[in-house]
Amino acid sequence: MVDDDGGSVRRADGRALAAAAVTVVLWASSFIAIRSSAADFGPGALALGRLVVASVVMSALLLARRGGFPPREAWPGILASGVLWFGAYMVALNWGERHVDAGTASLVVNVGPILMALLGGWLLKEGFPPKLMAGMAVSFAGAVVVGLSMSGGGTSSLVGVLLCLFAALAYAVGVVLQKPTLKHATPMQVTTFGALAGAVACLPFAGQLVSQVSRAPLSATLQMVYLGVFPTALAFTTWAYAVSRTTVGKMGATTYAVPVLVVFLSWLFLGEIPGWLTLLGGLLCLSGVAVSRMRGKGKAQTQAQTPVPEDAPGSRADARSEVPAEAESAAQCTAG
């Protein structure tokens, strides 16, 4: 009987790992699709198109599962996190990738987890563990190195780095605001209506989107649809599946592979690769995240939370949160 139980656990772990792997690949691919379609769609238009597609897909899933509407108490958090996490984050990331390559963008955005932990310590009274502060210092040094490495590319490159940092901040604030909302509404409700809120916030770009869709090549439009269906809607589902079968802390480490995959895919499909100094700064950023997540002897895991991207973007992980694992997983999706 023990062997049977052990085999079941191993099979469950294997399925969770496979789902997490799918999520990581989709998040990484979003940076490539954004960079590739930047010549045909403006930052706001691309964000709106992606959110409209994602909202349609996720609303259909919500209706199929008879998820219903969130309670009144959840709406302030849903609207705030939706505007920041989906809207502002995606626009800033799209804009940033017009000035820096996809690999650099993914490296800079991955400071988001530490920003989440810092904001959680301040706004949610979760404290400031020493490892968190040490990790922040390392990641900040990495961001400075990335900024200095891009200074040779002119003002536009520095603007791109700053926009990616702003995207990481918007993502972090949105996720922290979303955390208490999950006490009142289901993850699917929060995610679906958050995406809708982001789409509404991006409606000023509707005219631009219509105009650019009419002129853009089919490949660019399909990339926008891909961003909405796969890195956004599907990645939510696969990450939720993975986290529901293990802990956020265990699965969070898998997102460290996102920047590595982005650099490889950027070289493979776009012929772009960050310089050595930029890569060094990016590694420092990731090292800071790793330091902040280290466990102390006999103590609980630190507050640092796993990234996203969007794109994203991905998502929010708080290893000590009392929110159930499935609720935690809802905040992981926009890592790209």
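Basis of the calculations
Each residue is numbered by its place in its chain's sequence as written, counting from 1. Per-residue local features of the predicted model are confined to residues with pLDDT of at least 70, and side-chain atom pairs are confined, for both listing and counting, to 80 or more; whole-chain, interface and lining totals are unaffected and use all residues. For side-chain calculations, the full set of non-hydrogen atoms in the structure is used, while hydrogens and water are omitted. Helix and strand definitions follow DSSP, with helices as H or I runs of at least four residues and strands as E runs of at least two, each counted in order from the N terminus. For every residue, the accessible area obtained with a 1.4 Å probe (protein chains only) is divided by the maximum for its type, and the residue is called buried under 20%, exposed over 50%, and partly exposed between those limits. Only buried Ala, Val, Leu, Ile, Met, Phe, Trp, Tyr and Cys residues count toward a nonpolar core, and they belong to the same one when joined by side-chain atoms within 4.5 Å. Aromatic pairs are defined between Phe, Tyr and Trp rings, using the six-membered ring for Trp, whenever the two ring centres lie within 6.5 Å; interplanar angles under 30 degrees are classed as stacked, those over 60 as edge-to-face, and all others as tilted. Lines are fitted to the C-alpha atoms to define the axes, a helix being fitted only along its stretch in contact, and any angle between axes, read from their N-to-C directions, falls within 0 to 180 degrees. An angle counts as roughly parallel when it lies under 35 degrees, as roughly antiparallel when it exceeds 145, as roughly perpendicular when it falls between 65 and 115, and as oblique in every other case. Two helices that cross are described as forming a left-handed crossing if the nearer one is turned anticlockwise from the farther one by less than a right angle, and a right-handed crossing if clockwise. In what follows, a contact means two residues having at least one pair of non-hydrogen atoms within 4.5 Å. Residues are grouped as follows: Ala, Val, Leu, Ile, Met, Phe, Trp, Tyr, Cys and Pro are nonpolar; Asp, Glu, Lys and Arg are charged; every other residue, Gly included, is polar. Any carboxyl oxygen of Asp or Glu that lies within 4 Å of a side-chain nitrogen of Lys or Arg is treated as forming a salt bridge with it. The span you would expect from a helix comes to 1.5 Å times its residue count less one. What pLDDT expresses is the predictor's confidence in each residue, scored from 0 to 100. Any pair of nitrogen or oxygen atoms within 3.5 Å is treated as a polar contact; in protein, a donor-acceptor pairing is required on top of that, and neighbouring residues in sequence qualify only through side-chain atoms on both sides. Nonpolar side chains (Val, Leu, Ile, Met, Phe, Trp, Tyr) within 5 Å and like charges within 9 Å form the patches, drawn only from residues with over 30% relative accessible area and no salt bridge. Here the Shrake-Rupley method, with its probe set to 1.4 Å, supplies the accessible areas, and only the displayed protein chains count as covering residues.

**Re the overall build of the protein**
Reasoning step 1: The helix and strand tally for the protein stands at 14 helices and zero strands.
Reasoning step 2: For the protein, the sequential pattern of α-helices and β-strands runs α-α-α-α-α-α-α-α-α-α-α-α-α-α.

**Describing the environment of Gly271**
Reasoning step 1: Relative to the assigned elements, Gly271 resides in the loop between helix H12 (257-270) and helix H13 (276-292).
Reasoning step 2: According to the relative accessible area criterion, Gly271 is exposed, its value standing at 61%.
Reasoning step 3: Residues Gly271 and Asp101, 170 residues apart in the sequence, show an inter-C-alpha distance of 10.0 Å.

**A look at the environment of Ser59**
Reasoning step 1: Its place among the elements puts Ser59 in helix H2 (residues 43-64).
Reasoning step 2: Residues Ser59 and Phe193 lie 134 residues apart in sequence; the distance between their C-alpha atoms is 8.3 Å.

**Focus on the nonpolar core**
Reasoning step 1: Counting residues in hydrophobic clusters, the biggest one holds 49 residues, and the most contacted among them are Phe31, Phe41, Phe86, Tyr89, Leu93, Val258 and Val262.
Reasoning step 2: Looking at which element gives the most residues to this core, the answer is helix H1 (residues 2-37), with eight residues.
Reasoning step 3: If you look at the next biggest cluster of nonpolar residues, it comprises seven residues, including Leu62, Leu182, Ala185 and Phe193.

**Overview of the packing of aromatic side chains**
Each aromatic ring pair is summarised here by two numbers: the centre-to-centre distance and the angle between the ring planes.
Reasoning step 1: In the structure shown here, the tally under the stated rule is six aromatic pairs.
Reasoning step 2: Their ring planes at 70 degrees and their centres at 5.3 Å tell us that Trp75 and Phe193 sit as a pair that is edge-to-face. Of this pair, Trp75 sits in helix H3 (residues 75-96) while Phe193 is found in helix H8 (residues 187-201), placing the two residues 118 residues apart along the sequence.
Reasoning step 3: Here the aromatic residues Trp85, Phe86, Tyr89 and Tyr171 are joined through ring pairs into a cluster of three or more.

**Side note on the packing of H2 against H3**
Reasoning step 1: Interhelical geometry of H2 versus H3 gives an angle of 130 degrees and a closest axis separation of 8 Å. Between H2 and H3, the angle is such that the two are oblique. The way H2 lies across H3 gives a crossing that is right-handed. Residues Pro43, Gly44, Leu46, Ala47, Arg50 and Leu51 of H2 touch H3, and the partners they reach there are Phe86, Gly87, Met90, Val91, Asn94 and Trp95.
Reasoning step 2: By residue class, the composition of the contact of H2 with H3 is eight nonpolar, three polar and one charged.

**Observations concerning the pattern of salt bridges**
Reasoning step 1: Summed over all chains, the structure comprises one salt bridge.
Reasoning step 2: One salt bridge in this structure joins Arg35 and Glu272, with 2.9 Å as the shortest N-O distance. A residue pair is termed long-range when its members are at least 10 positions apart, and Arg35 in helix H1 and Glu272 in the loop between H12 and H13 qualify at 237 residues.

**Things to note about H8**
Reasoning step 1: Taking 1.5 Å per residue, 15 residues should reach 21 Å; H8 reaches 21 Å between its end C-alpha atoms and fits that length.
Reasoning step 2: Within H8 the residues assigned to the buried category are Gln189, Val190, Thr191, Thr192, Phe193, Gly194, Ala195, Ala197, Gly198 and Ala199.

**Focus on the confidence of the model for the protein**
Reasoning step 1: On average, residues of the protein score 76 in pLDDT, and 69% of them are at 70 or above.
Reasoning step 2: For the protein, per-element mean pLDDT is lowest for helix H14 (residues 325-329), which scores 38, and highest for helix H9 (residues 206-215), which scores 96.
Reasoning step 3: For the stretch residues 297-310, pLDDT sits under 50, and the model shows 76 contacts to residues farther than four places along the chain or on other chains.
Reasoning step 4: Scored below 50 in pLDDT, residues 312-334 shows 117 contacts in the model against residues more than four places distant or in partner chains.

**Notes on the side chain of Thr192**
Reasoning step 1: Among the secondary structure elements, Thr192 is positioned in helix H8.
Reasoning step 2: Here the side chain of Thr192 touches Met188 through a polar contact of 2.8 Å, landing on its backbone oxygen.
Reasoning step 3: Setting aside chain neighbours within four positions, we find Thr192 in contact with Met58, Ser59 and Leu62.

**Observations regarding a nonpolar patch on the surface**
Reasoning step 1: Residues Phe264, Trp267, Leu268, Phe269 and Ile273 make up a contiguous nonpolar surface patch of roughly 570 Å² in combined accessible area.
Reasoning step 2: Along the chain, Leu268 falls in helix H12.
Reasoning step 3: Judged by its relative accessible area of 45%, Leu268 falls in the partly exposed class.

**Examining the environment of Ala74**
Reasoning step 1: With respect to the element layout, Ala74 can be found in the loop between H2 and H3.
Reasoning step 2: Take Ala74: its relative accessible area is 0%, and that puts it in the buried class.
Reasoning step 3: It is 8.5 Å that separates the C-alpha atoms of Ala74 and Pro180, two residues lying 106 residues apart in sequence.
Reasoning step 4: Contact partners of Ala74, with chain neighbours within four places excluded, come to Thr181, His184 and Ala185.

**Some details on unusual backbone geometry**
Reasoning step 1: Unusually for a residue other than glycine, Arg66 sits at a positive phi of about 55 degrees.
Reasoning step 2: In this fold, Arg66 is placed in the loop between H2 and H3.
Reasoning step 3: With a relative accessible area of 77%, Arg66 lands in the exposed category.

**Section: the packing of H2 against H8**
Reasoning step 1: At their nearest, the axes of H2 and H8 sit 9 Å apart, and the two run at 150 degrees to each other. Between H2 and H8, the crossing angle belongs to the class labelled roughly antiparallel. Of the two elements, H2 crosses H8, and the hand of that crossing is left-handed. Counted together, Leu48, Leu51, Ser55, Met58, Ser59, Leu61 and Leu62 of H2 and Met188, Gln189, Thr191, Thr192, Phe193, Ala195, Leu196, Gly198 and Ala199 of H8 form the full contact between these two elements.
Reasoning step 2: A class-by-class count of the residues in the contact of H2 with H8 yields ten nonpolar, six polar and no charged.

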